[in-house]
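# Breakdown of the fold
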Amino acid sequence: MYVSMRQGNNKEVKKIKKVFALAWGISPLYIILLIMNSLIGAMQIVANVVLPKYLIDELVTSRNTGSLLYIGGAIVLSNLIFSFLGKLMTRNLAIQNRYMNEKMNQALGIKIMNVDYSYLENPYYLDLKERAAFACTNQSAVYNLINNSADLLKSLVTLFSMVAVMLTLGPVLFLVSAVTIILTVVVLTSFSSYQVRFFEKIIPVNRKYGYYLGLGYSEDEIQKDARLYGMEPMLLSRVVNYTNEFMGEFNKYYKKQGKIRGAVNIIANLQAALTYGYVGIRVVTKQFGKQIGLGSFMMYVNASIQFTATFRTLTDNIVGTKQMLDYLDPFLELMDLPEVKQEGDIPFEGDIESVCFEHVTFCYPGSEKEVLSDLSFQINKGEKISIVGLNGAGKTTLIKLICRLYHPTSGKILINGKDIFDYDYDSYIKNIAAVFQDYKLFAFSLLENITSKDKERVDKGEVNEIVKEVGLEEKIEELPNGLDSLYGKAYDVNGIELSGGQSQKVAIARALYKNASMVIMDEPTSALDPLAEADIYHNFNNMVSNKTAIYISHRMSSSVFCDRILVLDGGSVSDFDSHENLMKKGESLYCKLFKAQAENYSEA
Ligand SMILES: Nc1ncnc2c1ncn2[C@@H]1O[C@H](COP(=O)(O)OP(=O)(O)OP(=O)(O)O)[C@@H](O)[C@H]1O
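Each chain has its residues counted from 1, running along the sequence as written. With the structure being a predicted model, the display of local features is reserved for residues of pLDDT at least 70 and the display and counting of side-chain atom pairs for 80 or more, all residues being used for whole-chain, interface and lining totals.

### With respect to the overall build of the chain
Looking only at helices and strands, the chain has 18 helices and 10 strands in total. Relative to a compact globule of 604 residues, whose C-alpha radius of gyration would be 25 Å, the chain shows 35 Å and is clearly more extended. When the backbone C-alpha atoms are referred to their principal axes, the chain occupies close to 115 × 50 × 50 Å. The burial label depends on the number of other C-beta atoms within 10 Å of a residue's C-beta. Counts of 20 or more mean buried, 12 or fewer mean exposed, and intermediate counts mean partly exposed, with C-beta atoms placed from the backbone. Across the 604 residues that make up the chain, the buried fraction comes to 28%. By the convention adopted here, residues make contact when the C-beta atoms placed from their backbones lie within 7 Å. A sequence separation of at least 24 residues applies to 77% of the contacts in the chain between residues at least 6 apart. Comment: elements are numbered from the N terminus, with helices defined as DSSP H or I runs of at least four residues and strands as E runs of at least two. All radius of gyration figures rest on C-alpha atoms, and the globule criterion is 2.2 Å times the number of residues raised to 0.38.

So this is what it looks like as C-alpha cells:
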C-alpha cells in the first residue's frame, strides 16, 4: 500500500515535472515570476500575523510613542512593499499567463499535426485527442496546474511559518489545528475522486452531444441532406436526450458538492471555537503553561486561523493539482506519442527511381481484417500506372501506405531500394504529391492553397502556368482578387465559393505545384465534367511526362493512356499489365470492368 502510494506520487511528480519542463521551454520568466509571487505572498501573511503582536504588547504595556511609531511604521511599510511587489508580479503574470495558455494550445495543435497519422483514425486516440483538447481549452488544465503548483508553494511556506509560530506556545494549539485539518482532507479527497470519475463519465456524453449539436449549427454541407431527409426531429431528440443525461448527472454532482462544503464548514467552526477557548485560557491562567499577553493572544489566534485557512487553500491546491494532473493525462499521453518525423534519418536524394512492394500485408489498427494481402509489385521511374478495382478493394489504402500514413503490418515498401521508413520524413515526402479523394482546401487565398507558402515566397508566373493547365484560368480571371481571393467563408463573408470540380482543380494544381518526382491522384477527376476531365488527362501527360504517376479512377477510360494497370481484387494483386494485354484476357476483372462501362457508352 505504502509502496503503491509512493509509486503513485512519483508518477504525479514526473507529470508535474513534464508540464513544468514544457512551460520552462516556453517561458522561463513565467516560472520565475510565479515563484517570486508565491514567496512574496507568503512573506506578507507571516508579517501580518507576527508584527501586530508587538504593536498590541506595546499598547497594553509601556505605550512608548517612539516604539509605537516604529512598529506601526514597520507594519505599514512592509504591507506597502509586499503589495507593490505583488501587484507588479500580478500584472506581468497576467500577460505571461495568456501567452503560456496560447503556447500550450499551439503545442497541442502542432503535436496533432505531427503525430503518426494512424493514431488519427483510431477511435481510442481520437477520444484521447478530444479529452486532451478539452483539458487544455475548456479546463485550462496546464495553466491551472502551473498556477496551483505555485500557490502550493506559497501555502507550504505560509503553513510552515504558522506551525513555527504556534509551537512557541506548546503542542496543544498545533494538535487541535492538525486534527481538524486531517478531517478536512479526508472529506475533500473523497470528493476529488468523485469529481474525476464524474468528468470521465461526462466526457463521452459531451462528445456525442457536441457532435449532434454541432451538426445543427454547421453550414450548408449537412443542411441540404438534413432538410431533404427530414433529419431535424432525430437530431433534436438526440440533443435533448443527451441534455437530460447531462442534467441528471450535474444534479447529483451539485448535491454532493453542497454536502461536502457543509461538512468542511462545520469542521472549521469547531476548530475556531477550540482555538479561542484554549488561547483565551492561556491568557487568564498559568494552568496549562506560561501565561501570555494580549499581543500573543492575537498572534496565536491569527496563526491558528491562518494555519487552517492556508491548509484549506493547500488542500484545494493539492486536490486541484491532482485533478489537473488527471485531466492532463490524455494531454501528456498525446504529447508522448511518436511523431511521423521521428522515424528515419537517411536524406532522400534525387528522384524516385523505383517503388517496390515486397509481400506487403496491411490491417488497419484495431482490426484483424487484411485490407491488403501479400502485395508484391514494382513500379519504375516515369511509368504511368492506373490502379483499378471494386469499391473497398484497397486502392486508397495502398496509396496511404506509400505516403507513410501507416506502417505495413508485414512486408516492406522499398523506394530506390530502401525501406521508405528509413528515409528522413521531410526529404521523403517532398518527392510525393498526392490528391486524395477527400482532399481538403483551407481558408487561405487560392495562391496559398496551391503553393502552401506565404505569397511573398511564391513565383506567381509558375502558378499561373499551372492554373492554366488545370483549366482554372478563366475562373480566376473572373475573381476581383484573382489568385489572392480567400477560399471559403469560414471567417470572412467575402471569401469565394468554388464548385466541386473547381475545388478539385485547385487541389490538382497544388499537387502539380509541389513538383514532386511522383504524382498520385486518387479519383482526381470525380467531380470534373467530361471536357475538363479530358483536358486534365491530356495536360497531365504533358505536365507529368518525366514523373512517375499513379492514378486511381473508376472511369476506366483513364486507364487507356497508362503504361500498366494494377488490378486489385479483395486486397490482392490480380493483374499488373498493359491495357492491351489485359483486354486480351477476356476473363480478367479489368476486362469485365472496362467492358461494363464501355457498354453504357455505346448504348447511349
Ligand atoms: N481508417 C480505416 N479504418 C478501418 N478500415 C478502413 C479504414 N479505411 C478504409 N478501411 C477499410 O479498408 C478497405 C479498403 O478501403 P479503401 O478505401 O482502400 O478501398 P478503395 O479500393 O479505395 O475503395 P473505393 O473504390 O470505394 O474508394 C475497406 O473495406 C474499408 O472499409
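### Concerning the domain arrangement of the chain
Interface size is commonly expressed as the accessible area that is lost once the parts come together. Under the domain assignment used here, the chain contains domain 1 (20–205 + 249–339) and domain 2 (343–431 + 547–604). Those domain boundaries reflect an automatic or database domain assignment. For domain 1 and domain 2, the distance between their C-alpha centres works out to 60 Å.

### Brief notes about the site of the ligand
Close contacts around the ligand come from Glu121, Tyr364, Ser367, Val371, Gly389, Asn391, Gly392, Ala393, Gly394, Lys395, Thr396 and Thr397, and that covers them all. Residue polarity is assigned by list, with Asp, Glu, Lys and Arg as charged and Ala, Val, Leu, Ile, Met, Phe, Trp, Tyr, Cys and Pro as nonpolar; anything else, Gly included, falls into the polar class. When grouped by side-chain class, the residues that make up the shell around the ligand number 3 nonpolar, 7 polar and 2 charged. We count a residue as near a molecule or strand when its backbone-placed C-beta atom lies within 6 Å of that partner.

### Looking at the sheet that holds strand S1 (residues 354–362)
In this analysis, strands are considered paired if DSSP registers two or more bridges between them. Strands sit in the order S2-S1-S4-S5 across an open sheet of 4 strands; the sheet is antiparallel. At either margin of the open sheet sits one strand with a lone partner, and together these are strand S2 (372–380) and strand S5 (418–419). Relative to strand S4 (residues 410–415), S1 runs antiparallel, the two being bridged by 5 bridges. Residue Thr361 lies in a different strand from S4, and its bridge partner there is Ser410. Orientation is described by axes fitted as lines to C-alpha atoms, over the contacting stretch for helices, and by angles from 0 to 180 degrees between their N-to-C directions. Each of S1, S2 and S4 is contacted by helix H10 (residues 395–402), which is oriented at about 115 degrees to S1, the strand it contacts most.

### Focus: the environment of Val50
Within the secondary structure, Val50 is located in helix H2 (residues 28–60). Given 15 C-beta atoms within a 10 Å radius, Val50 is considered partly exposed. Measuring from C-alpha to C-alpha, the distance between Val50 and Asn464 comes to 78 Å, with 414 residues separating the pair along the chain. Contact partners of Val50, with chain neighbours within four places excluded, come to Val165 and Met299.

### Side note on the nonpolar core
Defined on buried residues, the nonpolar core groups Ala, Val, Leu, Ile, Met, Phe, Trp, Tyr and Cys residues joined through C-beta atoms within 7 Å. With 66 residues, the main nonpolar core has Ile387, Ile508, Ala509, Ala511, Val519 and Ile520 as its most contacted residues. Tallying contributions element by element places helix H15 (residues 500–513) first for this core, with 7 residues. The residues touching Ile508, leaving out its near neighbours within four places in the chain, are Val435, Val470, Pro524 and Ile536. Judged by nonpolar contacts, the second largest core, of 22 residues, contains Leu108, Val142, Ile146 and Leu325.

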